[in-house]
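These are the residues of each chain, in order.
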Amino acid sequence: AMIDANGEAAFVWLTVARLMCIPFSLLGMWTAFRWASELFGNAAGIGAVLLWTFSPMMIGYGSLMSGDAQAASMGLVTLYVFRCWLRDICWARSYMLGITAGLTILTKTSWFSLFGLLPLLWLVIRGGEWFGRYLSQRRGKACDDANAINDEQRRGVVFYALRETSMAIGSLLLCLLVINLAYGFDGTFKRLGEFEFISKALTK
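Okay, so let's go over this structure. Note that the structure is a prediction, hence the values are computed from the model and not measured. Numbers given for residues are sequential positions, taken from 1 along each chain in its written order. Local features in a predicted model are, by the rule used here, given only for residues with pLDDT of at least 70; side-chain atom pairs are given and counted only at 80 or more, and totals for whole chains, interfaces and linings are based on all residues. For the side-chain quantities, the full set of heavy atoms in the structure was used; hydrogens and water were omitted.

### Notes on helix α6 (residues 68–87)
Starting at the N terminus, helices and strands are each numbered in turn, a helix being any DSSP run of H or I of at least four residues and a strand any DSSP run of E of at least two. The span expected for a helix works out to 1.5 Å for each residue beyond the first. Over its 20 residues, α6 extends 29 Å from the first C-alpha to the last, a length consistent with the 28 Å expected when each residue adds 1.5 Å. Exposure categories follow from relative accessible area, calculated using a 1.4 Å probe and restricted to protein chains: below 20% of the type maximum is buried, above 50% is exposed, and the middle band is partly exposed. Across the 20 residues that make up α6, a large majority, 15, are buried.

### Here's the deal with the packing of aromatic side chains
For any pair of aromatic rings, geometry is given as the distance between the ring centres together with the angle between the planes. Classification of ring pairs uses Phe, Tyr and Trp, with its six-membered ring standing for Trp, and accepts pairs whose centres are within 6.5 Å; under 30 degrees between planes counts as stacked, over 60 as edge-to-face, and the remaining range as tilted. The final tally for this structure, using the stated rule, is 5 aromatic pairs. Where Trp 35 meets Tyr 80, the ring centres are 5.8 Å apart and the plane angle is 55 degrees; that geometry is what we call tilted. Pair noted here: Trp 35 is in helix α3 (residues 21–40) and Tyr 80 is in helix α6, with a separation of 45 residues, a long-range link. Each residue in the set Phe 82, Trp 85 and Trp 122 is aromatic and connected to the rest through ring pairs, giving one cluster.

### With respect to the side chain of Thr 31
With respect to the helices and strands, the residue Thr 31 is situated in helix α3. Residue contacts follow a heavy-atom distance rule, with two residues in contact if any of their heavy atoms lie within 4.5 Å. Each residue touching Thr 31, except ones within four places of it in the same chain, is listed here: Leu 76, Val 77 and Tyr 80.

### Here we look at the packing of helix α2 (residues 9–19) against α3
Packing of α2 against α3 brings their axes to within 4 Å, and their N-to-C directions diverge by 10 degrees. Classified by the angle between their axes, α2 and α3 sit roughly parallel to one another. Listed contacts from α3 to Ala 17, Arg 18 and Leu 19 of α2 are Cys 21, Ile 22 and Pro 23. For this classification, Asp, Glu, Lys and Arg are treated as charged, while Ala, Val, Leu, Ile, Met, Phe, Trp, Tyr, Cys and Pro are nonpolar and the rest, including Gly, are polar. By residue class, the composition of the contact of α2 with α3 is 5 nonpolar, no polar and 1 charged. The convention used is that axes are lines fitted to C-alpha atoms, helices contributing only their stretch in contact, and that angles between N-to-C directions extend from 0 to 180 degrees. Working rule for angles: under 35 degrees goes down as roughly parallel, over 145 as roughly antiparallel, 65 to 115 as roughly perpendicular, anything else as oblique.

### Examining the nonpolar core
One broad trend across soluble globular proteins is that nonpolar side chains are buried collectively. In this description, a nonpolar core means a group of buried Ala, Val, Leu, Ile, Met, Phe, Trp, Tyr and Cys residues linked to one another through side-chain atoms lying within 4.5 Å. Counting residues in each nonpolar core, the largest one holds 15 residues, and the members touching the most others are Phe 82, Trp 85 and Leu 97. If you list the elements that add at least two residues to this core, you get α6, α7 (91–107), α8 (114–140) and α9 (144–182). Ranked by residues supplied to this core, first place goes to α6 with 5 residues.

Here it is in structure tokens:
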């Protein structure tokens, strides 16, 4: 229909659309370099760039408007931002996490799994850390003074947990806002059963 309406001019728009795929590939490559460099040094970062650049899947899908390569790039960005958020939780990083997660879901609806994946990772990681601290404190109890300190530490942990939970909820709400803004709030608060899904998995 677009070609019938615009003639040869449609090919110009298709070229522009394919050129817009390049920034997504570059963003994914930069994120792979940054993440690998932080973990294992610059040599690992360069290796990650080479693997990303010469991956047959990235070469094949990177220039297509199917959204697969773009979704992979944005998924990597979101997971990296999530890692940074876990290391230093603040409102600025929470906003960034919500925005990137929303943009990632917009690249491909398969990323709706982030609504379950990120909270699950957060609970598992934080639960492991808090349980480890609890065990170390239990082993370190030797006198009443130590017990008093541990009680104070517990109150601090509860406060920190509530603060972190509020930021996580804020990120979730911002993610939903980004998605609804992209669609102009069309269908907001509409029941899922009223949508017509093409995917067989979503219609079950």
